[in-house]
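# Overview (structure and organization)
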Amino acid sequence: MEALTWTGSMGWLNPVLGLAVGVMVLAYAVQILVSFVPSAGVRTIGSGGIAAANQGLSGLLGRAGSYAFLAALMIVVVYLLAGIVMGPAAGIFGGLAQQLLPVWIALAVLFVVSLKFKRSLGLYGKLFDSTVGMIGFGLVMFWVFTGVFGGVFDMLITHDSLSQVSGMKNKLPGTPLARAEPEEFQWFLLGGDNLARDVYSRLVKGSWVVVQIAPMATLFAFMVGITLGLPAGYYGGKLDVFLSFLANLILAFPVILLFYLLVTPEIVLTGIPNYMALVLFIFPLVFLAVLLNSRFYTQPSLRTPLLIIVLGIAGWLYLSLVSTDGAIVDAPTYRIPGLPAFVDLFDIDPGVLVVFVSVVFVNAPTVFRIVRGLALDIKTRDYVAAAQTRGEGPWYIMLWEILPNARGPLIVDFCLRIGYTTILLGTLGFFGLGLESESPDWGTTINAGRRLLSLYPHAAIAPAVALLSLVLGLNLLADGLREESLRD
Amino acid sequence: MGIFILRRLGVMLLTALCLTFIVFWLTNLYPNLEKLAKTQGNFRMSDEAVASYLENRGYLQPTPIKFGQWLGVAPGWVTEAADGKVTGRCFSSDTPVDARPTFCGILQGDWGFSTVFKEDVGPTVLTRLALTGKLMLCVLLLMVPSALIVGVLAGMREGSRLDRSLSTFSIATTATPEYVSGVIFIAVLASSRFGLSPWLAEMGWIDSKTLFLGSATSAMENATFWNFFLPVLTISLYGMGYIARMTRASMTEVMTAQYIRTARLKGVKFSDIVLKHALRNALIAPFTVIMLQIPWLLNGVVIVETLFNYKGFGWLLVQAAANNDIELLLAVSVVSVIVVLATQLISDIGYVFLNPRIRIT
């Protein structure tokens, strides 16, 4: 079995792609340079007030650049389609394209459905009016689908992410397996790491860790930030001074010092992360209770059963979340009993829990400050004054008048913050904190790969590029959302 | 203004006290102390041996008392061993009895003793800070001008091709944390087997094996472009995008102002409008952003110093935290808290000076 090249039998397309990209870069660069030279009247207005395209040299260059860009895009699509059909015969890219086929299908279905019904989908639908937003959303959903298909259903991976294959240590991308069984996948598509494991399969498995933890942690941070930030901004006074001082105190910590203090096995032994989980995870419960009660307290016949059902389910989830093996805190010297194991819905690994808690803890103060600022601004509006005159309670005004009107900036910040949380998770992995050393998440993999970076860079580059593309996608998505939410 | 600064300094002091107390409390939890005793003594110590080791060194007193000792407001511990040897926090057993001080804490200028480096904490932190200062200076010299140039160029003509290319570049840099860009830079520019270096060496364009050096250890004594540029670039890039985007936003706002239109209608050259009319007002907002970015750089410094093996302040933080070196860790957190709060104060004061529309009462 021969080693795969990057594009295999589709290699004849490479010079064409290079040419297209070269023309595009050159045309755009020259166009930018030309724009520094002042010129008059390049834009003409046709009949009916429609602006014609740019004329002259600048317009020509712009068009050449756009065509070259489209050509490059088409060639990439050709690579992709050829890869799906031909598989590893079309090189490493082909192999990857074929392995990721379920992701492509899911992405295509999602985009077609969303584009078709975009007018009836609110802000989400408007996202599909912005190119930047669509690119960002595509990148994010690519990793979400990869995480779900690869992590939950074990679909995309070619080898087990933990098993070591003899003779594959530090092998380059596209190396065939030395003694592969016929039914096995014959290559390590992205090479082997320093423990002879498949980099590609670890990448796919690692995306599930990130896709799972980052949005959840951000959501909890938002719950904490909103529940504390709204009253701080709305009431002001001593409460605001106190909460702002606490938030600034946490923000004054260098993040990495905080991680080193919180995410060590010794601290896990003392049970402090469990106490923090106990406190931080109660906020969604409080939020839900106040949210529903402030709206429906005038109709007790609806409010009471609703609260019992919602809080019952949320409380069960909360207790399942904080208790492991029938105990909330299980320190060597004492033990606080929690939910018994047979009604415990899921157990969270202590390493994951401490990572989760510290990421929420680091993010919450920033969210608090944003929500507080928004509440300070919005509480001076007329509709708040109208609600106050109507005699609505303070929590109704905060949660049903101020919060919905602050949603635009909050949604944008939510996307950005998921990206930041992803970076934080990577930082934790990079310093070897929290998750165990064989965990496939990207930060840990980069940390393992950086020791041999100048000799075998592929083991660290693959997760680095993956993390980069996910965070870039989230930033572009946030940009698109900001643009679209400002438009109305 | 004076009262404002005084009040801010008061809050700073209170924050620093609370923060050091939290660090103190977390590092003094029993499992951490046990780890400290085992790394200092030996790993096979029995529980009793650990307890007596900690008892003799004053670690088992109540936390507020220990914190007072560290601050220098409570008398230091004194232990008399079975053989009559007296040791204490502030003196060793061979100090004459009348020369033994009662108080020794940071108020007396004694920052304690580092258990990892076997040195006094004060000088250790100062040497490392000087090294990091050198790194930060280079970062600021590279990051601030390039971020401002990128931002101003992008904001000058909103929506142009230049604006779109530079904005994409800024977004891409904010999405690239230091450990990602550092890894990519080392692989592409500083590896003798991959990336650009072997190609350039073959063409005879570079004398050494690699374009840049992937480790900055030698830059601690003698920083050159070759061994110091990659770490500086890695830190600068992450912070740069944010400042550039803020500069762009502020620049686009200024460029739509009435007085710019007046200048254009008057027939002022476009370059003069940008340089003489717009720039001054457009740079007020980025100033605050730059100052507030400095504490974030501290994070980047920790990552980059670990990645490039540059033994500065960030590397010290990692060493202190990984080995539970209590007094070193406290000194490190005091320094970083001062950096964070001082930059906030400077940005507030500077904003008032730059923007005459704002008055602090």
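Residues numbered from 1 in each chain as written. Chains lettered and ligands numbered in written order. Predicted model: local features only at pLDDT ≥ 70, side-chain atom pairs only at ≥ 80, totals over all residues.

### A few points about the overall build of chain B
The helix and strand inventory of chain B stands at 14 helices and four strands. Against the globule reference of 21 Å for 361 residues, chain B gives a C-alpha radius of gyration of 26 Å, more extended than a compact globule. Principal axes of the C-alpha set define a box for chain B whose edges measure 90 × 65 × 30 Å. Out of the 361 residues belonging to chain B, those deemed buried represent 40%. The long-range fraction of contacts in chain B, counting pairs at least 24 apart against all pairs at least 6 apart in sequence, stands at 66%. (Helix = DSSP H or I, 4+ residues; strand = E, 2+ residues; numbered from the N terminus. Rg over C-alpha atoms; globule rule 2.2 N^0.38 Å. Buried ≥ 20, exposed ≤ 12 C-beta atoms within 10 Å, placed from the backbone. Contact = placed C-beta atoms within 7 Å.)

### As for the overall build of chain A
Helix and strand content of chain A: 19 helices and four strands. Dimensions of chain A, computed from C-alpha atoms along their principal axes, come out at roughly 70 × 70 × 45 Å. Across the 488 residues in chain A, those meeting the buried criterion constitute 43%. Sequence separation of at least 24 residues holds for 69% of the intrachain contacts in chain A that already meet a minimum separation of 6.

### Focus on the interface of chain B and chain A
Between chain B and chain A, the contact holds 45 residues from the first and 40 residues from the second. Elements supplying a minimum of two residues to the side of chain B that touches chain A: α1 (2-27), α2 (30-40), α6 (161-174), α7 (178-189), α12 (284-308), α13 (313-322) and α14 (326-354) of chain B. Residue composition of the side of chain B that touches chain A, by class: 30 nonpolar, twelve polar and three charged. (Nonpolar A, V, L, I, M, F, W, Y, C, P; charged D, E, K, R; others polar.)

### Structural notes on the confidence of the model for chain B
Taken residue by residue, chain B gives an average pLDDT of 86. The fraction at 70 or more is 99%. The complex model carries a pTM of 0.91, and its ipTM stands at 0.89. (pLDDT = per-residue confidence, 0-100.)

### Examining the packing of α1 of chain B against α14 of chain B
Residue and element names in this part refer to chain B. It is the contact of α1 with α14, at a shortest axis distance of 10 Å, that shows an interaxial angle of 150°. Judged on the interaxial angle alone, α14 and α1 are roughly antiparallel. Judged by the sense of rotation from one axis to the other, the crossing of α1 with α14 is right-handed. Residue-level contacts link Arg-8, Met-12, Thr-15, Ala-16, Leu-19, Thr-20, Val-23, Phe-24 and Thr-27 of α1 to Ile-326, Leu-329, Leu-330, Ser-333, Val-334, Val-337, Ile-338, Leu-341 and Leu-345 of α14. Along the lines of polarity and charge, the residues of the contact of α1 with α14 split into 13 nonpolar, four polar and one charged. (Axes fitted to C-alpha atoms, helices over the stretch in contact; angles between N-to-C directions. Parallel < 35°, antiparallel > 145°, perpendicular 65-115°, else oblique. Left-handed = near helix turned anticlockwise from the far one by under 90°.)

### Description of the packing of helix α12 (residues 282-296) of chain A against helix α13 (residues 300-322) of chain A
Residues and elements named next belong to chain A. In contact at an axis separation of 10 Å, α12 and α13 are set at 175° when each is read in the N-to-C sense. Taken together, the axes of α12 and α13 lie roughly antiparallel to each other. The residues of α13 that touch α12, namely those facing Ile-282, Pro-284, Leu-285, Leu-288, Ala-289, Leu-292, Asn-293 and Phe-296, are Leu-302, Arg-303, Leu-306, Leu-307, Val-310, Leu-311, Ala-314, Gly-315 and Tyr-318. Its residues placed into classes, the contact of α12 with α13 shows 14 nonpolar, two polar and one charged.

### Here's the deal with the nonpolar core
Within the largest apolar cluster, 208 residues are counted, with the highest numbers of intra-cluster contacts made by Val-360 of chain A together with Val-183 of chain B. Considering each element in turn, this core owes the most residues, 21 residues, to helix α7 (residues 199-235) of chain A. Membership of the second largest hydrophobic core comes to six residues, among which are Met-24, Ala-27, Tyr-28 and Ala-68 of chain A. (Core = buried A, V, L, I, M, F, W, Y, C linked by C-beta atoms within 7 Å.)

### Considerations on unusual backbone geometry
A negative phi angle is the norm for most residues apart from glycine, just as the trans form is the norm for most peptide bonds. Residues and elements named next belong to chain A. Its identity as a non-glycine residue notwithstanding, Asp-154 has a phi of 55°, on the positive side. With a phi close to 60°, Ala-196 is a non-glycine residue in the positive phi region. Turning to its location among the elements, Ala-196 is positioned in the loop between β2 (187-188) and α7. You can call Ala-196 partly exposed: it has 16 C-beta atoms within 10 Å.

### Details of the pairing of strand β3 (residues 327-330) of chain A
Residues and elements named next belong to chain A. Relative to strand β4 (residues 335-337), β3 runs antiparallel, the two sharing three bridges. Each bridged residue has a counterpart across the sheet, and for Val-329 the counterpart in β4 is Ile-336. Between β3 and the antiparallel strand that follows it, β4, lie four residues. (Pairing = 2+ DSSP bridges.)

### Details of the environment of Leu-486 of chain A
Residues and elements named next belong to chain A. Note on placement: Leu-486 falls in helix α19 (residues 458-487). We classify Leu-486 as exposed; it has 9 C-beta atoms within 10 Å. On a C-alpha basis, the gap between Leu-486 and Ala-386 in space is 25 Å, while along the polypeptide they are 100 residues apart.

### Observations regarding the environment of Thr-324 of chain A
All names here are of chain A. Mapped onto the fold, Thr-324 is located in the loop between α13 and β3. Classification of Thr-324 as buried rests on a count of 21 C-beta atoms within 10 Å. Placed 296 residues apart in sequence, Thr-324 and Tyr-28 show a C-alpha to C-alpha distance of 58 Å. Excluding its chain neighbours within four sequence positions, the residues that come into contact with Thr-324 are Asp-347, Ile-348 and Pro-350.

### Overview of α7 of chain A
Residues and elements named next belong to chain A. The first and last C-alpha atoms of α7 sit 53 Å apart over 37 residues, in line with the 54 Å expected at 1.5 Å per residue. Across the 37 residues that make up α7, a large majority, 31, are buried. Backbone geometry just after α7 places Gly-236 at a positive phi near 65°. (Expected span 1.5 Å × (residues − 1).)

### Observations regarding the environment of Ile-250 of chain A
Within the secondary structure layout, Ile-250 of chain A lies in helix α8 (residues 237-252). C-alpha of Ile-250 of chain A to C-alpha of Ala-364 of chain A: the two residues are 114 residues apart in sequence and 9.4 Å apart in space.

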